[in-house]
Amino acid sequence: MYKHYNNNQTILTFPIEFKINPNHIVVSISDFVDSIPTEILYPDADKFGRPKYSPAMMMKLLLFAYMRHTFSGRAIQEMAEENLPMKWLIGNPDEVPSYRSINRFRISQVAKGIIKKMFLQFHEQLSAYGLVDDESLFIDGTKIVADANKYSFVWRKSVERNDAKLEEKASALFDDMIQEKVNLATDAEGTLAKLDHAERELEHDIDDLDQKISAEKVIKGGSPSKQRRRKLKHFKHIITSDLKPRKQKYEDYLEILGNRNSFSKTDHDATFMRMKEDPMQNGQLKPGYNLQIGTQNQFVLFYDLNQRPADQRTLVPFLNQVQQRKATFRYVVADAGYGSEPNYDFVLKDFKATPLIPYTMYLKEQSKKYKNDANKVMNWTYDNATDSFTDQHHIQFSFKQVYNRTDKYGFQRTIRKYEANQYEDPEGYHYSITERGNQRSIQINPHWEMEKRLIRVKLSSKTGASIYAKRKIEVEPVFGNLKANLAFKRLSVRGLEKAKNELGIILMAGNLKKMMKIILSSRQQSQKSSWKNLVNKFFQLLFYSEVSFVPATFLYKKTDISAGSKMLTFLINHTSC
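Predicted, not measured: the structure shown is a model, and the values here were computed from it. (Residues numbered from 1 in each chain as written. Predicted model: local features only at pLDDT ≥ 70, side-chain atom pairs only at ≥ 80, totals over all residues. Heavy atoms only, no water.)

A separate point is the overall build of the chain. Tallying secondary structure elements over the chain gives 23 helices and 13 strands in all. Burial status across the chain gives 39% buried among its 577 residues. In the chain, the proportion of contacts linking residues at least 24 apart, taken out of those at least 6 apart, comes to 66%. If you sum the accessible surface of the chain, you get close to 34,600 Å²; carbon and sulfur atoms cover 51% of it. (Helix = DSSP H or I, 4+ residues; strand = E, 2+ residues; numbered from the N terminus. Buried < 20%, exposed > 50% of the residue type's maximum accessible area, 1.4 Å probe, protein only. Contact = heavy atoms within 4.5 Å. Areas by Shrake-Rupley, 256 points an atom, 1.4 Å probe, with all protein chains shown as cover.)

Rendered as structure tokens:
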């Protein structure tokens, strides 16, 4: 028989007290957020009075919701109304925050301060537990799709090309206006300012022509003033309806672009990037951000969000952020996408650490084919006394000059140029010149070559190789957990600073979830070991009692199960596990 079931009863009775399992994740979330100092949770309490909802409570709701794959404000509100652990976090079930309050809070400056303090607090707790140290910082990046429309792109090349065409059209229009004797003399600079001045002059001339035409009599063959007014109105129409709005739009676009090559019209901070998640398999660019994280033992200790798709220029800003928190590490570990001369310089000189970062050609240079390739300069013979290189054809390259080269990002490199000597014999002459008849030359960057030699030594050492081998099991599982287990593949907010807040929440949710698994696992191991010790004590006492008070024949032929059960019960009741 089944238990009686009837949901048509007129009165529903609920238990007065609701208890949460001490091992539930919401308990860990609540304890962790409550450990944040009050001045961080309530920074403006003295200025604006008591807030509607506690920032601590709102942050707990967001952390728990993100752990349960819930990112929409409306879905979080619905979860708060129906989920019992969420109600336990709220405290008062009648004060469920609306989705507007949730959305406003997670992009606020208060949430930004709490998130920053959460990572500091979490780092300190991990250090206290011995789960992290100052040995190595593993860095990597991934692309996160922005909350922007897929076809809302604006490309720099397209804007610059159309802006140049507009400049030509405006210049031709100014020439026509000068022929019509429109006064365009002005001290204003820029095409937009000149268009404004031309529009004012046209309005003034058209008003004068209106007064003149209203006073004149009907002229046979048409009025010259009317003909000129018609032309001036045409010029004004071109300026007001075409040139001026487009010029203003292009200038706004270029200001939004900054040093980027694209942005989205629905999220100006998002840049179009090539994503690994490409269901159409057509390499389509999508609006997104480049998330950079620094991990240890698969815990995210630092994170940053960038608008540029390449990882190489994100390392220095990321390590600057690490330095602001006064964190130091002996090794900085990253993949070949971060290997460059400016990055090595910063890690060695400013960050005071050892870079375990291979450069682009590192793996290829380790191959047997590359080492035996006589065309490569690194396989040539160098004579320190004469400061010259000799290639496989015995052509000597002597030092010619030294010069500095500055790239578009402002980094300066010192280059030494070596030029092939002139040979009289036909074979030497043939190998010492190019196809166009110029002397062959090579450019060497000594500082870069020295850094590459250092990286090769560090990565080939036993310590460096063992640390670098951990990179794939340190950073990559964090991204897999973020996108697969937590199902976070797309942002829910728009704007760089707002996206940083949301990513801080989801990364901390992943940290707490992993920490809780470790704590529960350690508790289970402790309980198992305690139970094993208890059983061992039981059999030791049982064996001692049987041997001391029972004949040996009885010990091996008969077992008193009831006595053993009583002794086990006694041990359970009087022994702490």
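Continuing now.
On to the side chain of Thr 271, then. Mapping Thr 271 onto the fold places it in strand S4 (residues 271-274). On the accessibility criterion, Thr 271 (4% relative accessible area) is buried. Only 3.0 Å separates the side chain of Thr 271 from the side chain of Arg 260, close enough to count as a polar contact. Discounting chain neighbours no more than four positions away, the residues touching Thr 271 are Arg 260, Ser 262, Lys 286, Pro 287, Gly 288 and Gln 307. (Polar contact = N/O pair within 3.5 Å; in protein donor to acceptor, adjacent residues only side chain to side chain.)

The next point concerns the pairing of strand S5 (residues 285-296). Burial of S5 is extensive: 11 of the 12 residues sit out of reach of the surface. Summarising the sheet, S4 and S5 pair through 4 bridges and their orientation is antiparallel. Counted as the bridge partner of Met 273 is Lys 286 from S5. With 7 bridges connecting them, S5 and strand S6 (residues 299-306) associate as antiparallel partners. Its bridge partner lying in S6, Leu 291 is registered against Leu 305. Count of turn residues in the S5/S6 antiparallel hairpin: 2 residues, of which Asn 297 carries a positive phi of about 55 degrees. (Pairing = 2+ DSSP bridges.)

When two helices pack together, their arrangement is captured by the angle between the axes and the distance separating the axes. Two numbers describe how helix H13 (residues 341-350) lies on helix H17 (residues 446-460): the axes approach to 10 Å, and their chain directions differ by 65 degrees. Relative to H17, H13 is oriented roughly perpendicular. Relative to H17, the crossing made by H13 is left-handed. Between H13 and H17, the contacting residues are Glu 341, Tyr 344, Asp 345, Leu 348 and Lys 349 on the first element and His 447, Trp 448, Glu 451, Leu 454 and Ile 455 on the second. Here the contact of H13 with H17 is composed, by residue class, of 5 nonpolar, 1 polar and 4 charged. (Axes fitted to C-alpha atoms, helices over the stretch in contact; angles between N-to-C directions. Parallel < 35°, antiparallel > 145°, perpendicular 65-115°, else oblique. Left-handed = near helix turned anticlockwise from the far one by under 90°. Nonpolar A, V, L, I, M, F, W, Y, C, P; charged D, E, K, R; others polar.)

Okay, the nonpolar core next. Counting 96 residues, the largest nonpolar core has Met 59 and Leu 63 as the members making the most contacts within it. When residues no more than four places from it in sequence are discounted, the contact partners of Leu 63 are Ile 29, Val 33, Met 118, Ile 505, Met 508, Ala 509 and Leu 512. (Core = buried A, V, L, I, M, F, W, Y, C linked by side-chain atoms within 4.5 Å.)

Another point: the packing of aromatic side chains. Taken as a whole and judged by the stated rule, the model has 18 aromatic pairs. For the ring pair Phe 119 and Tyr 303, a centre distance of 5.2 Å and an interplane angle of 40 degrees mean the geometry is tilted. A residue pair is termed long-range when its members are at least 10 positions apart, and Phe 119 in helix H8 (residues 109-129) and Tyr 303 in strand S6 qualify at 184 residues. Chaining the aromatic ring pairs together yields one cluster made of Tyr 344, Tyr 359, Tyr 362 and Trp 448. A cation sits over an aromatic face here: Arg 74 above Tyr 99, 4.0 Å from the ring centre. (Phe/Tyr/Trp six-rings, centres within 6.5 Å; stacked < 30°, edge-to-face > 60°. Lys NZ or Arg CZ within 6 Å of the ring centre and 35° of its normal.)

Note that Thr 354 resides in strand S8 (residues 354-356). As for Thr 354 and Lys 458, which are separated by 104 residues in sequence, their C-alpha atoms are 8.3 Å apart. Ignoring any residue separated from it by four or fewer positions in sequence, one finds Thr 354 in contact with Arg 330, Tyr 331, Val 332, Val 347 and Lys 458.

Turning our eyes to something else, we now look at the side chain of Arg 260. Structurally, Arg 260 can be placed in the loop between helix H11 (224-257) and strand S3 (262-264). The side chain of Arg 260 sits in the buried core without any salt bridge; Asp 269 is the nearest counter-charge, 5.0 Å away. Only 3.1 Å separates the side chain of Arg 260 from the backbone oxygen of Asp 269, close enough to count as a polar contact. Apart from the residues within four sequence positions on either side, Arg 260 is in contact with Arg 156, His 268, Asp 269, Ala 270, Thr 271 and Gln 307. (Lys, Arg positive; Asp, Glu negative; His and termini not counted. Salt bridge = Lys/Arg side-chain N within 4 Å of Asp/Glu carboxyl O.)

Right, let's talk about the environment of Tyr 423 for a bit. Mapped onto the fold, Tyr 423 is located in the loop between strand S12 (412-420) and helix H16 (426-432). The class of Tyr 423 is partly exposed, set by a relative accessible area of 23%. Residues Tyr 423 and Ile 433 lie 10 residues apart in sequence; the distance between their C-alpha atoms is 9.6 Å. Those residues in contact with Tyr 423, other than ones at most four positions away along the chain, are His 394, Ile 395, Gln 396, Gly 428, Tyr 429 and Ser 432.

Here we come to the sheet that holds strand S10 (residues 388-390). Sheet strands line up and pair through hydrogen bonds in the backbone, either parallel or antiparallel. Pairing is antiparallel across the open sheet formed by 5 strands, whose spatial order is S9-S10-S11-S12-S13. At either end of the open sheet lies a strand with only one pairing partner, and these are strand S9 (381-383) and strand S13 (441-444). Ignoring strand direction, the axes of neighbouring strands in this sheet form an average angle of 35 degrees. Both S10 and strand S11 (residues 396-406) contribute to a ladder of 3 bridges, which runs antiparallel. Across the sheet, residue Thr 390 finds its bridge partner in S11, namely Gln 396.

A separate point is the packing of helix H4 (residues 55-67) against H8. One can describe the packing of H4 onto H8 by two numbers: an axis separation of 11 Å at closest approach and a directional angle of 70 degrees. With respect to H8, the element H4 is oriented roughly perpendicular. With respect to the hand of their crossing, H4 and H8 are arranged in right-handed fashion. Seen from H4, the contacting residues are Pro 55, Met 59 and Leu 63; seen from H8, they are Val 110, Ala 111, Ile 114, Ile 115 and Met 118. The class makeup of the residues in the contact of H4 with H8 is 8 nonpolar, no polar and no charged.

Turning to helix H5 (residues 73-82), its buried residues number three or more, namely Gly 73, Ile 76, Gln 77, Met 79 and Ala 80. Axial view of H5: buried residues confined to an arc of 160 degrees, hence all on one face. Residues of H5 that are exposed and point more than 90 degrees away from the buried face comprise Arg 74 and Glu 82. The elements touched by buried residues of H5 are H4, helix H6 (84-90) and helix H7 (99-106). You can read the cap of H5 off the contacts: a side-chain oxygen lies 3.4 Å from the backbone nitrogen of Arg 74, and it is on Ser 72. (Arc of directions from axis to C-beta.)

To continue, consider the confidence of the model for the chain. Across the chain, the average pLDDT comes to 86, with 85% of residues at 70 or higher. Note on residues 545-568: pLDDT is under 50 here. Beyond four places in sequence and across chains, it has 13 contacts. (pLDDT = per-residue confidence, 0-100.)

Before going further, it helps to spend a moment on the pattern of salt bridges. Taken as a whole and assessed by the stated rule, the structure comprises 28 salt bridges. Of the charged contacts, one joins Asp 387 and Arg 416 as a salt bridge, the two residues approaching to 2.5 Å between their closest N and O atoms. With a gap of 29 residues between them, Asp 387 in the loop between S9 and S10 and Arg 416 in strand S12 connect regions that are remote in the sequence. Judged by its relative accessible area of 16%, Asp 387 falls in the buried class. A relative accessible area of 23% places Arg 416 in the partly exposed class. A salt bridge links Arg 413 to Asp 407; the nearest nitrogen and oxygen atoms lie 3.0 Å apart. The class of Arg 413 is partly exposed, set by a relative accessible area of 22%. Because the salt bridges share partners, they merge into one network encompassing Lys 112, Asp 304, Glu 497 and Lys 500.

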